[in-house]
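Residue-level listing of the chains:
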Amino acid sequence: MTSRLDDESLASLAAHSVELISTLQHPSGAYPASPTFSAYTGYSWFRDGAFIADGMSSANAIESASRFFDWCASILIARRAQIETIERAEAAGTPLDNSQMLATRFTFDGAEGDDDWWDFQTDGYGTWMWAAVAHSRRHGLGLERWREGIELSVRYLLATWERPCFDWWEEFETERHVSTLGCVIAGLSAAVSADVLPADIATRATVATTAAREIIELDGVRDGHLVKWLGSVAVDGSLAALISPLAVVDGASALAAASTARIDHELTVDGGVHRYLGDTFYGGGQWPLLSCMLGLAYAAGGDTARARNQLEWAASTVTAEGFLPEQVDDDLLDPSRVAEWQERWGSVATPLLWSHAMYVRLAVEIGMYSPPAEWPASVATTENHFRNESETD
Ligand code: BGC
């Protein structure tokens, strides 16, 4: 690991991250997951994008975040007929196959794209609504611009949230994942509290939120901490997000303290957080974005010193070009599995915009970075080395 950075360097990495994300945002509003990584090029994920938009919103890059939510809403509106077909089949007791659900990622112009993916994942359809509502509150914006997309996203989740689906890591399709349920809860309760839904849909969303919380309490907690999926005993680094930024679990609660401690104990080495024990993707390294989520969870529990330590670890992964990677290989869970991924997809995704965004979000949260009152609509001063490559899709 490289040496720790001083306050000024920590702050300037945050500013640079905002600029980098802004430079790479597509004119459609989509945030590319990573401009150069073979398997991600040309695609934007609801999950990554929602957290990226939240990071940008926290740094007062207001228009950038708004444009991402425009992109999300336009995708949902264009799929109204598909959502209504899914709803009808569900209501008739003949639910459609996973292959007929909405995709997880889309090309920048809003198409499904031609590449196969592990597509049925419900979390992003909650997370973007949570991020949009948080953005509107943070900056005093109305939600009318995204109201139709929010209503369709709520209706889609009401028809699908109880089904097992791929998790944040696009794995374990037959399980019901606590992080995914947390994203659904965050999204549905944000939509209800924002008062943008027809009354009947708002009522159903409230009932679903309560039911999802009860399911987590019953089968998603073991030994006082959240677990990776219903009935499991292990944790997953993504669970920290339920404490912060999603605030589904109160940061001051015993559940938050036990979950944070467990993630730290089971998955964290020197501040670098693994996704889960048993991860073999590129050997199962440590993910800066998860380190920042753990930092946010610590901050929510009042432990700013540990939160800062998490930020410093994430900053220490920056490359000479100023890029934060998806993961680093300082501490691999299974080094024998690196080569196969390198052969399949090339080097680890770098930069990963989600890593940069979580860094920004944590830096703002703990006061390490004070953004300007508002970034101009286009904040980019960094030359975009990737634009051509990211637009070849
Ligand atoms: C991760 C996903 C992420 C995607 C794009 C995958 O390797 O497992 O969580 O959404 O990359 O960044």
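Residues numbered from 1 in each chain as written. Predicted model: local features only at pLDDT ≥ 70, side-chain atom pairs only at ≥ 80, totals over all residues. Heavy atoms only, no water.

1. So, the pattern of salt bridges
The line we're drawing: By convention in these notes, a salt bridge is any Lys or Arg side-chain nitrogen within 4 Å of a carboxyl oxygen on Asp or Glu. Think of it this way: any DSSP run of H or I at least four residues long counts as a helix, any run of E at least two long counts as a strand, and we number them from the N terminus.
Scanning the entire structure with this criterion turns up 24 salt bridges. Ionic pairing is found between R47 and D123, a salt bridge with its closest N-O pair at 3.0 Å. With R47 in helix 2 (residues 46-58) and D123 in helix 5 (residues 123-139), this residue pair connects regions lying 76 residues apart in the sequence. One salt bridge connects E84 with R80, and the closest N-O pair in it is separated by 3.3 Å. In this pair, E84 and R80 are both assigned in helix 4 (residues 80-91), four residues apart and thus about one turn of the helix distant.

2. Remarks on the site of the ligand
Stated precisely, the cut-off is as follows: Only heavy atoms are used to decide nearness, and a residue is near a molecule or strand if one of them lies within 4 Å of it. Polar contacts here mean pairs of N or O atoms no more than 3.5 Å apart (in protein, one a potential hydrogen donor and the other a potential acceptor; neighbouring residues in sequence count only if both atoms are side-chain atoms). Any residue that is not Ala, Val, Leu, Ile, Met, Phe, Trp, Tyr, Cys, Pro, Asp, Glu, Lys or Arg is counted as polar, Gly included; the first ten are nonpolar and the last four charged.
Around the ligand, 13 residues are found, and the nearest of them are Y40, R47, D48, W168 and R275. Here W45 contributes a side-chain N or O atom positioned 3.4 Å from an oxygen atom of the ligand. In this structure, an oxygen atom belonging to the ligand sits 2.6 Å away from a side-chain N or O atom of D48. Taken together, the residues of the shell around the ligand break down into eight nonpolar, no polar and five charged.

3. As for helix 6 (residues 147-160)
Going by this rule: For a helix, the expected span equals 1.5 Å multiplied by the residue count minus one. Throughout, exposure labels follow a simple rule: accessible area from a 1.4 Å probe, protein chains only, divided by the maximum for the residue type, with under 20% read as buried, over 50% as exposed, and the rest as partly exposed. The contact rule is simple, with two residues in contact once any of their heavy atoms fall within 4.5 Å.
Its 14 residues give helix 6 an end-to-end C-alpha distance of 20 Å, which sits within 8% of 20 Å, the value for a rise of 1.5 Å per residue. With respect to burial, helix 6 is a largely interior element, 12 of its 14 residues being buried. Buried residues of helix 6: G149, I150, E151, L152, S153, V154, R155, Y156, L157, L158, A159 and T160, and no others. For helix 6, the secondary structure elements touched by its buried residues are helix 3 (62-78), helix 4, helix 5, helix 7 (178-193) and helix 8 (199-219).

4. Observations concerning helix 11 (residues 288-300)
Taking 1.5 Å of rise per residue, 13 residues should cover 18 Å, and helix 11 covers 18 Å from first to last C-alpha, within 8% of that figure. In terms of burial, helix 11 is a largely internal element, 11 of the 13 residues being buried. Listed in full, the buried residues belonging to helix 11 are P288, L289, L290, S291, C292, M293, L294, G295, L296, A297 and Y298. Remark: G302 follows helix 11 within two positions and exhibits a positive phi of approximately 90°.

5. Remarks on the nonpolar core
The condition that has to hold: Buried Ala, Val, Leu, Ile, Met, Phe, Trp, Tyr and Cys residues that are joined via side-chain atoms within 4.5 Å together make up what is termed a nonpolar core.
Y40, W128, I150, V154, M293, W354 and Y359 are the most contacted members of the largest nonpolar core, which has 130 residues in total. In terms of residue count, helix 7 provides more of this core than any other element does, nine residues in total. Every residue in contact with I150, bar those within four places of it in the chain, is listed here: W128, M129, L143, A191, V196 and L197.

6. Side note on the environment of C292
Relative to the helices and strands, C292 resides in helix 11. You can call C292 buried: its relative accessible area is 0%. Along the primary structure C292 and A240 are separated by 52 residues, whereas in three dimensions their C-alpha atoms are 9.3 Å apart.

7. Notes on unusual backbone geometry
In this chain, S244 is followed by P245 through a cis amide linkage whose omega measures 15°. Tracing the sequence through the fold places P245 in the loop between helix 9 (240-243) and helix 10 (254-267). With omega at 0°, the peptide bond leading from T350 into P351 counts as cis. Summarising the element assignment, P351 is placed in the loop between helix 13 (338-345) and helix 14 (353-365). Phi at N60 is positive, roughly 65°, even though this residue is not glycine. A relative accessible area of 15% places N60 in the buried class. One non-glycine residue, D223, lies in positive phi territory at about 50°. Here D223 lies in the loop between strand 3 (221-222) and strand 4 (225-226).

8. A short note on the packing of aromatic side chains
Applied cut-off: Centres within 6.5 Å are what make two rings of Phe, Tyr or Trp a pair, Trp counting through its six-membered ring; a difference in plane orientation under 30 degrees is then read as stacked, over 60 as edge-to-face, and the rest as tilted. The criterion is that NZ of a Lys, or CZ of an Arg, lies within 6 Å of the ring centre and within 35 degrees of the ring normal, and then a charge sits over that ring.
Under the counting rule described, the total for this entry stands at 33 aromatic pairs. An angle of 45° between the planes, with centres 5.8 Å apart, marks the rings of F46 and W71 as tilted. Within this pair, whereas F46 is found in helix 2, its partner W71 is found in helix 3, the two being separated by 25 residues in sequence. For the residue pair F46 and W71, the accessibility class agrees, reading buried in each case. Through pairs of rings, three or more aromatic residues link up here, namely Y31, F46, F68, F69, W71, F106, Y125, W146 and Y156. Sitting above the plane of the W345 ring, R344 keeps its charged end 5.0 Å from the centroid.

9. Section: the packing of helix 12 (residues 304-315) against helix 14
Inclusion rule: Comment: axis = line fitted to C-alpha atoms, over the contacting stretch for helices; angle = value between 0 and 180 degrees taken between N-to-C directions. The handedness criterion is simple: a crossing whose near helix is rotated anticlockwise from the far helix by less than a right angle is left-handed, and one whose near helix is rotated clockwise is right-handed.
Viewed as axis vectors pointing N to C, helix 12 and helix 14 meet at an angle of 145°, and their least axial separation amounts to 10 Å. Crossing hand, helix 12 versus helix 14: left-handed. Note on element contacts: helix 14 touches helix 12 through Y359, L362 and A363, opposite A307, Q310, L311, A314 and A315.

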